[in-house]
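Residue-level structural notes
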Amino acid sequence: MRALRSFTVRPSLPAELAPLERLAMNLRWSWHEPTRELFRSVDPDGWDATSHDPVRLLGTVSADRLDALRADPAFRRDLAELDAGLDHYLERPRWFQERAGSSPLGTVAYFSPEYGIAEALPQYSGGLGVLAGDHLKAASDLGVPLVALGLFYRHGYFRQAQGPDGWQLENYPDLDPWAMALTPCEGVRVTVELAGRPLHAQVWRAEVGRVPLYLLDADVDDNPDDLRHVTDRLYGGDTEHRLRQEILLGVGGVRALDALGLRAEVFHTNEGHAGFLGLERMRRAIVDDGLGFGEAIEAVRGGCIFTTHTPVPAGIDRFPRELMEAYFSGWAAECGIGLDDLMTLGHRPGDGPEERFNMAVMGLHLAGRSNGVSRLHGEVSRDMFDDLWPDVPAEEVPIGSITNGVHAPTWVAPEMAGLLRRHVGPDWAEAGSDAWAALDDVVDADLWDVRQRGRERLVAFVRARLRSSALARGASASDVAWCDEVLDPAALTFCFARRFATYKRATLLLSQTERLMALLSSPDRPVQFVFAGKAHPADDQGKEMIRRIVSFASSVSVRQRFVFLEDYDIAVARVLYAGADVWLNNPRRPLEACGTSGMKSALNGGLNCSILDGWWDELFDGDNGWAVTSAEAIEDEARRDEIEANSLFELLEHQVVSLFTDRAGEAVPSRWLTRVKHSLTTIGPAVLASRMVRDYTEQLYEPAAAQAARMAHAGLAPARELAAWKARVLAGWSEVAVRSVEVSEDVAELGADRAVSAEVSLGPLDPGDVEVQLVHGPVGQHDEMEAATVVAMAPADGDPGRSDRWTATFRCERPGRYGVTVRILPCHPDLASPVELGRIAWA
């Protein structure tokens, strides 16, 4: 029979063991191995049975076991030390506090639709959420003042299984926040309007080390049934459902900060899903502070940062006008604007009023600073959005890049962490390249022992997982006996694990099965492959890729060397990263924005074999892994896949396998380990989340905080002034022009100074409204300047009041063809970027 109401009963621990609950409720345990070991010692079997969840574990421990622990002086000593250690971690100054000088940064509010902190808090689907989790952990370790906002999904993301035909099946579990490391924010309620109906949400708090994570939950009695389901599933439902979720995340997240008494200067949106936070902040500036529409934009954008993770337009949320009208007509009316004015925030130049509202475009319009997540992705993003800055060359479009990083203590296996601690130092997870260089001196046998143990653990895990999955599908114990002989703990192990999207091409190896079978069947050079990953529930093409891999892996001839692990999550990923000798990645370049799985494998001593896409494009140096040929110039996808598959197999057949198996009589593969060490020293310090968060702090957070403070000064007077200045400049820009350019002499001596003068017209603008620039550099094909240098020009007679003739000099530092041009840009001290207005008058 069904219960009328249900509730959770939490255990009551003896006073002597009370610190266990405090340790369990701070998610630092998920990356602090001593704390994890303490919980494992409470009940080793229970630790495994509860999937390494301390909160669940404490709910299953018997009274007799608690009495035994209470009477165990060694356990109580360890408990007291770890409790004091948590206090020390939370309170002592860290990198941010120890930096010289004062920082303008008060608090960063970080918004993301998902967070992958630990398997015990399943509020993530894949890379975006795991990156957000690593961002929070690194901010905690570094002491960066950050609070995080998200949603609590009552069914999280789906658990994966396979049907008899290998087709992916999805099961959505019921999640109980009371049984997790979450506490309710008592008395805090958030209300947003959804098409004229109020949606109420409660707020849960998770402690991620020093960083609080607040999750909004619509499953409350105040809401009717249909609105209670707004936060039912991550990335579930139709377009309207997604819109409702994103309103709650963005608008509700800003209101949650207020309800919690928190003030943030910087707002960081991790992808466009939370972009409506900008509209809520604009509404307040208009309604509460009396700003106009344009003035409100300037008031909010200075402190806003937008990070895009999407290298293709199809991956961006876009909402039809009728939905925007239904859900935001009230917002527009309250702000005193028309719906068309709102829609322009999500439109590109040339879009008609009926064009869908683009969340990434709004993110770029309302953020003073924007970035991609790898160097290559920054280039792709600048090309993808260059029409938002119509006069600006793609390379100068104001979208930068900060390459993602991974939180090493979360992902590095204990054995490898111990080796890194001994050789790099106790702070290895925050150390620079000089410290990591010490790994060149690691004894081969020691490194090989770490790698062997990781592979052995992977083999044991795979065998147990395959066995339990088969038994769950109804197989008998006799039928699954073969699982005990799957994989070889000594064989070269390749892993491919990620979301099964078509562009990631999980089935590329299956395109040449004869060559794959030859690799799998070699008695002298044994190799094995482990695949894992989920397809989005609506992605039938991704599901078909899984079905093909499962079908191939089910063949009796290969099933002991080629496996697919179902239900890929953080726990599975950690085992794969520690055990993989080679991490495979073969997306269609440049569709991988960054990708971080290969980073985690590299930190564990795995070698990457990948298309030069995402992070690998900037960190591959020729000796720290292998680069698969990319044939993106070929438009025929089938032909391109064939070429790139050939390249992959050539590498495996002639370089990768032999380097591992050919040992010239040595006990360990010394040439392989030389490459592993080089991978660790060149990749390790570059892929740390500590490096990533330091970059965000210094390059984005602090400049944004300083600009937000400037805009807020004197009752937002600078925001009003900047908006008026922009309107005046844009209105008069059509009259701005470079009339002529004169260069002294047609031939120049190397190293000699050259003079350039330009006659310009500024129309109604003043000289102080612009900067006239000389651009010079070597000339390549089609007279395009390469590595151009920009020099500010000055009025010819030194009188800044004159604006008709400007001059500058430069020096030719390279022989050969050289070129110059002149341009005029709007100039104002409060612009976040010199090309912010997208206007340049060229000669």
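Everything below is about the structure printed above this text.
Counting restarts for each chain, with residues numbered from 1 along the sequence as it is written. Only residues with pLDDT of 70 or above have their local features reported here, since the model is predicted, and side-chain atom pairs are shown and tallied only from 80 upward, although totals for entire chains, interfaces and linings are computed over all residues. Computation of side-chain values covers all heavy atoms of the structure but excludes hydrogens and water.

Before going further, it helps to examine the overall build of the protein. Scanning the protein from terminus to terminus reveals 28 helices and 27 strands. C-alpha atoms define the radius of gyration in this analysis, and the globule rule sets the expected value at 2.2 Å times the number of residues to the power 0.38. In summary, the protein has a C-alpha radius of gyration of 29 Å against a globular reference of 28 Å for 843 residues, a match within 12%. Residue burial in the protein is summarised as follows: out of 843 residues, 57% are buried. Element-wise, carbon and sulfur atoms account for 49% of the exposed surface of the protein, whose accessible area totals about 33,600 Å². Positive charges are assigned to Lys and Arg, negative charges to Asp and Glu, while His and the chain termini are left out of the count. Throughout, a charge is located at the NZ atom of Lys, the CZ atom of Arg, the CG atom of Asp or the CD atom of Glu. Computed over 86 positive and 125 negative side-chain charges, the inter-centroid distance for the protein is 4 Å. Every helix listed is a DSSP run of H or I at least four residues long, and every strand listed is a run of E at least two residues long, numbered separately from the N terminus. Accessibility here uses a 1.4 Å probe with only protein chains present; expressed as a share of the type maximum, an area under 20% marks a residue as buried, one over 50% as exposed, and anything in between as partly exposed. All accessible-area figures derive from a Shrake-Rupley calculation using a 1.4 Å probe, and residue coverage is judged against the displayed protein chains alone.

Let us now look at helix α28 (residues 689–732). Counted at 1.5 Å a residue, the expected span for α28 with its 44 residues is 64 Å, but the 46 Å between its end C-alpha atoms falls short. Along its length, α28 reaches its greatest deviation from straightness, about 120°, at Gly-715, and the proline Pro-718 lies no more than four positions downstream. One less than the number of residues in a helix, times 1.5 Å, gives the span that helix is expected to have. Consider a residue and the seven residues that end there alongside the seven that start there; fitting an axis to each set, the bend is the angle between those axes.

Inspection of the secondary structure puts Arg-823 in strand β26 (residues 818–826). The exposure class assigned to Arg-823 is buried, which follows from its relative accessible area of 3%. Among the polar contacts listed, one links the side chain of Arg-823 to the side chain of Glu-396, at a separation of 2.8 Å. By the criterion applied in these results, polar contacts are pairs of N or O atoms within 3.5 Å in which, for protein atoms, one can donate a hydrogen and the other can accept it, and in which residues neighboring in sequence qualify only through two side-chain atoms. A polar contact of 2.8 Å, which involves the side chain of Arg-823, links it to the side chain of Gln-773. In contact with Arg-823, not counting residues within four places along its chain, are Pro-393, Glu-396, Val-738, Glu-771, Val-772, Gln-773, Val-775, Val-790, Ile-840, Ala-841 and Trp-842. Any two residues whose heavy atoms approach within 4.5 Å at even a single point are treated as in contact.

On to the nonpolar core. Ranked by internal contacts, the top residues of the largest apolar core, which has 101 residues, are Trp-436, Phe-494, Phe-529, Phe-562, Leu-576 and Trp-672. Looking at which element gives the most residues to this core, the answer is helix α26 (residues 637–661), with nine residues. Counting 92 residues, the second-largest nonpolar core is a separate cluster that includes Val-254, Leu-762, Val-770 and Met-793. The definition of a nonpolar core used throughout is a set of buried Ala, Val, Leu, Ile, Met, Phe, Trp, Tyr and Cys residues joined through side-chain atoms within 4.5 Å.

What follows covers the sheet that holds strand β16 (residues 562–565). Two strands pair if DSSP finds at least two bridges between them. Ordered in space as β16-β15-β14-β17-β18-β19, the six strands form an open sheet in which the pairing is parallel. Looking at the sheet topology across the chains shown, the edges are occupied by β16 and β19 (625–628). Ignoring which end each strand starts from, the neighbouring axes of this sheet average 20° apart. In this sheet, strand β18 (residues 607–611) lies alongside strand β17 (residues 582–585) in parallel orientation, the contact comprising four bridges. Bridging across to β18, Leu-584 finds its partner in Cys-609. Every angle, taken between N-to-C directions, lies between 0 and 180 degrees, and every axis is a line fitted to C-alpha atoms, over only the stretch in contact when it is a helix. Where helix α21 (residues 513–520) meets the sheet, its contacts fall on β15 (527–532) and β16, and the angle it forms with β15 comes to roughly 120°.

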